[in-house]
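A structural walkthrough
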Amino acid sequence: MNRYTIAVLVKNHFGVLNRVTSMFRRRQFNINALTVSETETSEFSRITVVFSGEKEAKEQLINQLYKLPDVCSIKEFTEDNSVNCEMLLIKMKNQAEYREDIRNAAEAFGAVTVDYSKEYIMYRLSDTTRRIDDFINLMRDYTILEICRTGSVSLEKASTTIRQVINL
Amino acid sequence: MLLSGADILVKTLIEQGCDTVFGYPGGQILNVYDSLYTHEKEIKHILTAHEQGAAHAADGYARTTGKVGVVISTSGPGATNLVTGIATAYLDSIPLVAICGNVSTTQIGSDSFQEIDITGVTLPITKHNYFVSDVTELADTIREAFKLAKSGRPGPVLIDVPKDVQTAKCEYTEESPVQPETPSPAKASRIEEAAEFINKAERPFIYFGGGLITANAKEEMLSLSEKIDAPIGCSLMGLSGVPTDHPKFLGMQGMHGHFASSMAMHNADLIVSLGVRFNDRVTGNREKFATGAKIIHIDVDGSELSKTVKEVCSLRGDVKLTLQKLLPLIKESQKNEWAEKVDSFRREEENHLDKRESLTPRNAINTLNKYLGENTAVCTDVGQHQMWSAQYLKFRTPRRFVSSGGLGTMGFGFGAAIGAAFGTEERSVLVTGDGSFGMCLQELATAVTYNVPLVILIMNNGVLGMVRQWQTLFYNKHYSNTVLGRKTDFPALARAFGADGEKAETVEELDNALARAFKSDGPYIVDCRIDKDEFVLPMLPPGGSMDDIIVELEAEQ
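Residues numbered from 1 in each chain as written. Chains lettered and ligands numbered in written order. Predicted model: local features only at pLDDT ≥ 70, side-chain atom pairs only at ≥ 80, totals over all residues.

Further remarks concern the interface of chain B and chain A. Taken together, the eight residues of chain B in the interface contact eleven residues of chain A. Within the side of chain B that touches chain A, the residues separate by chemical class into three nonpolar, four polar and one charged. (Contact = placed C-beta atoms within 7 Å. Nonpolar A, V, L, I, M, F, W, Y, C, P; charged D, E, K, R; others polar.)

What follows is the structure, encoded as structure tokens:
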């Protein structure tokens, strides 16, 4: 099993997310993370999907996605050719004996304090999936009340854009 | 011209060259039916007994004409009754436009009476589907649907039209029929690569499917076969693509394919495959499938390339245009040793042939063959009779064999045969089994009402023969729920519906019955009695390879 990140540029119609994710369901891929938003033009939406699976099945999936009339182009990302980023909100129990440790860890990872009370501290961290995983693992030594993380957003390290991808 | 959505819908269908639609009215499609009433001189509506029959009829019409088939239904149960028909068309890549009514946009999502999310339901079985929420988008949506249905690899498209969109008005301007996307050949470099493989091959085999018929590439394929002295086989969907009596043609390949065809494919060193998808019914165990052969694959749908088998050269492009570019690069050659080997397979097949003179399945189909014209469409249902038809029918013209290959839909044949009769404007034939016929026989009413010239040959063995065959071979003869034991009198049933029919228990009786059937004005049932222990042979057991082929019954029983 490999982990893949692809971006799918789609026409901004209702139901389009359903069409794209339905293809993952049909091919029995589990989606690890998903992000959808409008792009630089409201005509298109960009769906970024992180999923695991076999290489042949992944290629078949991309071929099938290309057949959807609402899909304009698809780009596959690797760690080398792209910048990937996701965001975490994490709510920690505010306990006097750990407060200093939690703050130090947050500072080391560059997490920003977005809310603070006597009962809890909330941090925001934008980073790669791996760095966010590391930060959460560190926080597990204390009391995590709740976390929420987005899917990955990815852009290629080049002046080319997804709109220039030619259908294979 | 200011028109209602319903009028725009009908006008756009007419504008797109559609002169026959199949369907069934209901509450949420009433406005469209009102418009069909007004336009009845320009567009003919065939009312079936059930929406499923209408969907299969539109499919049969599309298969025999190459045009887009159109089916119309109401919302809710009308729409869900189309589902099997749409899925059948999807699996066999048939251009179909299905139009459903729905409740008003203001009521959508409130579980109203006869409301169903049909775009959700049909998402995985359509090329695309549309929910039209604004009357100004209706005409263009229909045009786009026609274009999509017939472009590239054809398939079904569904349009859901809420009632208030049918009543709302907007400007309509007539346009000319949409053209499918311009087909293009595969990349030149790939074609050169393919030519190199072909020129080096010593034992080439050409294998084609429904994609060859869609691309209308019969002549190009035959030229290739002649140039490289290659035998030809096909999938079930390819049948009728070349005439059965063509000297290079070995017949259908696969689980119940012709022995010679399967053996030639198994022994080839190169398989040139055209418009096929290497279904499991064709390959059996993929690990052991044609292990000595390199596979070249030309298909208009890139997602079919290297999908299930390993290919040395995959060419995405229109089969006809790609072959046209390929042919000049191919060197002419005779392959005497290979031809001799293929002949030996043919002789072996001849030895296995069923030579009994009683009313065997082979003799039944051969008797039918005597009555088939050049242009007669033969439709089938699914099961043993379908395989016997595939094996023994004499095909002459492309698009004249209509069968549910991918989905394997029992009950498909009757609707399809009605659609085929309208499509070809000739008498059509339905070969069916007593099991399959039982699924959609209410369409007898349709065939009688429209006086459709239709010969219905029921290969009646009183059992669900194909499933029973598997039970015999692989389930210790536990005949679980396959022995029908029904008392249906098919000729009497025909008469009850206002048609005619008779029973045949010998070859002579069958011959006489068919003679009357082919002279009859409307539908005519021939209840042909077949022994329940007749098997479809040869048979590659599921997941097996050519080493496991079963050619004779005695060896197994």
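We are not done yet, so read on.
To continue, consider the packing of helix α11 (residues 218-228) of chain B against helix α14 (residues 319-326) of chain B. Two numbers describe a pair of packed helices, the interaxial angle and the distance between the axes. Residues and elements named next belong to chain B. Two numbers describe how α11 lies on α14: the axes approach to 9 Å, and their chain directions differ by 35°. Crossing of α11 over α14 shows left-handed handedness. In contact with Glu 220, Met 221 and Leu 224 of α11, α14 contributes Lys 320, Leu 323 and Gln 324. The residue inventory of the contact of α11 with α14, partitioned by class, reads three nonpolar, one polar and two charged. (Axes fitted to C-alpha atoms, helices over the stretch in contact; angles between N-to-C directions. Helix = DSSP H or I, 4+ residues; strand = E, 2+ residues; numbered from the N terminus. Left-handed = near helix turned anticlockwise from the far one by under 90°.)

In this section: the domain arrangement of chain B. Residues and elements named next belong to chain B. By the assigned domains, chain B splits into domain 1 (2-171), domain 2 (188-351) and domain 3 (361-536). For domain 1 and domain 3, the distance between their C-alpha centroids amounts to 29 Å. Of all the secondary structure elements, the ones that give two or more residues to the side of domain 1 that touches domain 3 are β2 (20-23), α3 (51-65) and α5 (83-91). A total of 13 residues in the side of domain 1 that touches domain 3 trace back to one element, the largest contributor, which is α3. For the side of domain 1 that touches domain 3, the residue count by class is ten nonpolar, 13 polar and three charged. (Domains from an automatic or database assignment.)

Glancing now at the sheet that holds strand β15 (residues 378-380) of chain B. All names here are of chain B. The strand order across the open sheet built from six strands is β16-β15-β17-β18-β20-β19, with neighbouring strands paired in parallel fashion. This sheet does not close on itself; its edge strands, each paired only once, are β16 (401-402) and β19 (500-504). Looking at chain direction, strand β18 (residues 454-460) and strand β20 (residues 523-529) are connected through seven bridges and run parallel. Bridge pairing links Met 459 to Cys 528 in β20. (Pairing = 2+ DSSP bridges.)

Residues and elements named next belong to chain A. Structurally, chain A comprises domain 1 (2-77) and domain 2 (83-153). Each of domain 1 and domain 2 has a C-alpha centre, and the two are 29 Å apart. Taken together, the contact pairs seven residues of domain 1 with six residues of domain 2. Those elements that place two or more of their residues in the side of domain 1 that touches domain 2 are β2 (30-38) and β3 (44-53). With three residues, the top contributor of residues to the side of domain 1 that touches domain 2 is β2. Its residues placed into classes, the side of domain 1 that touches domain 2 shows four nonpolar, three polar and no charged.

Here the focus is the pairing of β2 of chain A. Residues and elements named next belong to chain A. Of the pairings in the sheet, the one linking β2 to β3 comprises eight bridges and is antiparallel in character. Paired with Leu 34 across the strands is Val 49, a residue of β3. In sequence, β2 turns back onto β3 through a hairpin of five residues.

Residues and elements named next belong to chain B. If you check which residues of helix α16 (residues 361-369) are buried, you get Pro 361, Ala 364, Ile 365, Thr 367 and Leu 368. Here the buried residues of α16 occupy an arc of 155° about the axis, which is enough to place them on one side. Tucked inside the fold, the buried residues of α16 contact α17 (384-392), β18, α23 (507-517) and β20. (Buried ≥ 20, exposed ≤ 12 C-beta atoms within 10 Å, placed from the backbone. Arc of directions from axis to C-beta.)

If you look at the biggest cluster of nonpolar residues, it comprises 168 residues, and the most contacted ones within it are Val 71, Leu 96, Val 97, Leu 457 and Val 526 of chain B. Broken down by element, the residue count for this core peaks at eight residues, all from helix α18 (residues 412-424) of chain B. Residues within four places of Leu 457 of chain B in sequence aside, it is in contact with Leu 368, Val 429, Leu 430, Val 431, Val 526 and Cys 528 of chain B. Grouped together as the second largest cluster of nonpolar side chains are 14 residues, Val 8, Ile 47, Val 50 and Phe 51 of chain A included. (Core = buried A, V, L, I, M, F, W, Y, C linked by C-beta atoms within 7 Å.)

Moving on, we come to the packing of α16 of chain B against α23 of chain B. Residues and elements named next belong to chain B. Across the interface, α16 lies against α23 with an axial gap of 10 Å and an inter-helix angle of 30°. In this view, α16 runs roughly parallel relative to α23, as classed from their interaxial angle. In this structure, α16 crosses over α23, and the sense of that crossing is right-handed. In this structure, α16 uses Asn 363, Ala 364, Thr 367 and Leu 368 to contact α23, whose residues at the interface are Val 507, Leu 510, Asp 511 and Leu 514. Residues of the contact of α16 with α23, tallied by class, amount to five nonpolar, two polar and one charged. (Parallel < 35°, antiparallel > 145°, perpendicular 65-115°, else oblique.)

What follows covers the pairing of β2 of chain B. Residues and elements named next belong to chain B. As defined by bridge partners, β2 adjoins strand β3 (residues 44-47) across four bridges and the pair is classed as parallel. Bridged to Val 21 within β3 is His 45. Regarding the hand of the β-α-β motif, the stretch spanning β2, helix α2 (residues 30-38) and β3 is right-handed. One ladder, built from two bridges, connects β2 with strand β4 (residues 69-73); its direction is parallel. (Right-handed = clockwise from strand over helix to strand, strands pointing away.)

Once that is clear, we can look at the environment of Arg 203 of chain B. All names here are of chain B. Turning to its location among the elements, Arg 203 is positioned in the loop between α9 (188-200) and β9 (204-208). By the C-beta count within 10 Å, which is 20 here, Arg 203 ends up buried. Placed 134 residues apart in sequence, Arg 203 and Glu 337 show a C-alpha to C-alpha distance of 8.7 Å. Beyond its immediate stretch of four places on either side in the chain, Arg 203 contacts Asn 267, Ala 268, Asp 269, Leu 270 and Trp 338.

Take the sheet that holds β2 of chain A next. Residue and element names in this part refer to chain A. Spatially, the four strands line up as an open sheet ordered β2-β3-β1-β4, and their pairing is antiparallel. Of all strands in the sheet, those bounded by a partner on one side alone are β2 and β4 (71-77). In this sheet, neighbouring strand axes are inclined to one another by 20° on average, regardless of whether the strands run parallel or antiparallel. Sheet topology places strand β1 (residues 2-11) next to β3; ten bridges connect them, and they run antiparallel. Paired with Ile 6 across the two strands is Val 49, which belongs to β3.

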